[in-house]
Every structure is written in structure tokens, then in C-alpha cells.
Amino acid sequence: GMLVDDLVVTGAEPLFVTDYIACGKVVPERIAAIVGGIAAACTAAGAALLVGETAEHPGLLGPDEFDVAGATTGVVEFDDILGADRVQPGDVVLALASSGLHSNGYSLVRHVIGSAGWRLDRDVPELGMTLGEALLTPTRVYAKDLLAIIEATQVHSISHITGGGLANNLVRVLPEGIAVEIDRRTWTPPPLFGLVQELGGISTADIEATLNQGVGMALVLPENGVWPAQEL
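The rules behind these values
Residues numbered from 1 in each chain as written. Predicted model: local features only at pLDDT ≥ 70, side-chain atom pairs only at ≥ 80, totals over all residues. Heavy atoms only, no water. Buried < 20%, exposed > 50% of the residue type's maximum accessible area, 1.4 Å probe, protein only. Helix = DSSP H or I, 4+ residues; strand = E, 2+ residues; numbered from the N terminus. Contact = heavy atoms within 4.5 Å. Polar contact = N/O pair within 3.5 Å; in protein donor to acceptor, adjacent residues only side chain to side chain. Pairing = 2+ DSSP bridges. Axes fitted to C-alpha atoms, helices over the stretch in contact; angles between N-to-C directions.

1. A look at helix H7 (residues 191-200)
Every buried residue belonging to H7 is among Leu192, Phe193, Leu195, Val196 and Gln197, and all of these are buried. Those residues of H7 that are buried lie in contact with helix H3 (106-116), strand E6 (123-124), helix H4 (131-135) and helix H8 (204-208).

Here you go:
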């Protein structure tokens with residue numbers, strides 16, 4: 001999902017994904033579960049999962065350890081590529097909600113919950129689930145939604161909010177000389193983000209530079225393009 005969403009922000013339609021799984025010991029059921037998760041994300045993105053590779057590295061990884069890598073390929077006409085060069089003064093930013101941490105900032109989160117002595121099976125009322133369940137919320141796959149918005153209205157650039165947070169990712173899709181004001185009052189980060197910040201005693205600046213704070217994608221588009229995008 002993250003791979004395809006890194007690609008689709010250019011306006012490209014994803015075609016296929018290839019995967020590579022390294023593990024300490026091949027356990028067929030575990031490999032099937034991993035590939036099943038990748039396949040589900042590909043289905044959500046409208047991409048095909050091509051034959052991947054699985055390698056056993058007993059000297060490098062423990063029996064229960066694994067590492068997953070992947071690559072994706074898509075296509076877009078050169079004249080239709082989205083990017084900072086299209087952005088104009090007066091454009092607005094439209095945020096799409098994240099489903100959770102989106103595979104970013106887990107080093108910080110593990111440090112925070114470890115230092116606080118919290119177990120993953122701890123029931124957290126404000127989350128409505130256990131801590132572990134909240135941390136394992138699947139990353140939202142945006143590809144089909146973004147392609148529909150691009151088709152329906154004019155979009156100038158799109159920022160995938162990953163490591164570095166909203167500000168550090170959004171600046172990459174703005175041209176030099178154009179700044180943007182983000183009004184934090186326009187959305188409320190889900191409780192997980194506030195919980196991590198409070199538990200770790202982390203400053204707002206540091207948490208915003210690490211986690212997505214509830215925004216998974218930020219679209220830069222003309223003001224008159226916002227309504228058609230919101231209608232989808």
C-alpha cells in the first residue's frame with residue numbers, strides 16, 4: 001500500500017507490485033499470511049501482485065524474524081505528471097485522513113511504550129481496543145481514491161504524509177517561493193497520537209515531525225476543485 005501510494009501521487013496508475021521476503025526460517029503458514037496481506041493491499045490499490053521471491057537467511061535473521069521489501073511500477077503520460085511546478089498562489093490543501101500510524105514512527109512509539117512499561121495487550125479505553133490492535137491498524141491504501149479525484153477535478157500536486165510528518169512532506173510538493181498555512185483547528189488527530197505524545201512527554205514540534213497526526217495524504221489544488229473532490 002505504501003509503495004503504490006508513493007507512486008500514485010505523481011498521477012500514475014499502478015500496474016503491478018513485486019515482493020521479496022527474507023526470513024530466518026520458512027514457515028509456510030507465516031509466508032502465506034504475509035503474501036495474503038500484500039495481495040489484499042494490491043487488490044485495494046488496483047495493482048497486480050507478480051511472482052515474488054522468498055529467501056531463508058538463518059545466520060542473519062532469527063527463526064521468527066522476517067523482512068519484507070517490494071517495488072511497484074505504474075504509468076502516467078508525461079504531460080499529466082503532477083508536481084510542484086503546477087502549484088499556483090491561492091491553491092488550497094485538502095487533507096485525506098489516515099487510518100493510524102501508517103508504518104511510520106514505530107521506533108519512537110516502541111521506545112515510548114517500552115519506557116512507560118505498557119504491554120501491547122493493555123486495554124486502552126480512549127482507543128476502544130488494545131494498544132497492540134491500535135498499532136497494527138492496517139495502512140489505508142489511497143490509490144483508487146486519488147485516481148478518482150484526479151479524474152474528477154484538477155489536482156496540482158499530492159503529498160504522501162510519511163516519515164517527517166505533514167510539514168516536511170508537504171514542502172516537497174510546493175514550488176520555491178510559495179508557502180502554505182495549515183490551520184490545526186480544521187482536524188483533530190485520533191487519540192493514539194495524543195497518547196504517544198503524552199506518554200513520551202514529546203513536544204508538539206517533535207511529534208508533528210515524526211507522525212502523520214491523522215493526515216495520510218495532502219492534495220494541493222485550486223479552491224474550486226475542493227468540492228468535486230469531497231463529493232467522491
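Alright, that's what it looks like, and here's the rest.
2. Considering the side chain of His156
Tracing the chain through its elements places His156 in the loop between helix H5 (143-152) and strand E8 (157-160). There is a polar contact of 3.4 Å between the side chain of His156 and the backbone oxygen of Arg86. Contacts of His156, omitting those with residues within four sequence positions, involve Leu82, Gly83, Arg86, Val87, Gln88, Asp91, Val220, Leu221 and Pro222.

3. Examining unusual backbone geometry
Positive phi is not limited to glycine here, since His102 has a value of about 60°. Its location among the elements puts His102 in the loop between strand E5 (92-97) and H3. The backbone of Gln213 sits at a positive phi, close to 55°, despite the residue not being glycine. Secondary-structure assignment places Gln213 in the loop between H8 and strand E9 (215-221). Residue classification places Gln213 among the buried positions, given a relative accessible area of 9%.

4. Some remarks on the sheet that holds E9
Pairing is antiparallel across the open sheet formed by 3 strands, whose spatial order is E5-E9-E8. Only two strands of the sheet have a single partner each, and these edge strands are E5 and E8. Here the average twist between neighbouring strands, direction ignored, is 20°. With 4 bridges joining them, E8 and E9 adopt antiparallel strand pairing. Within E9, the position partnered with Ser157 by the bridge is Val220. Along the sheet face, H5 touches E5, E8 and E9 and points at about 10° away from the line of E9.

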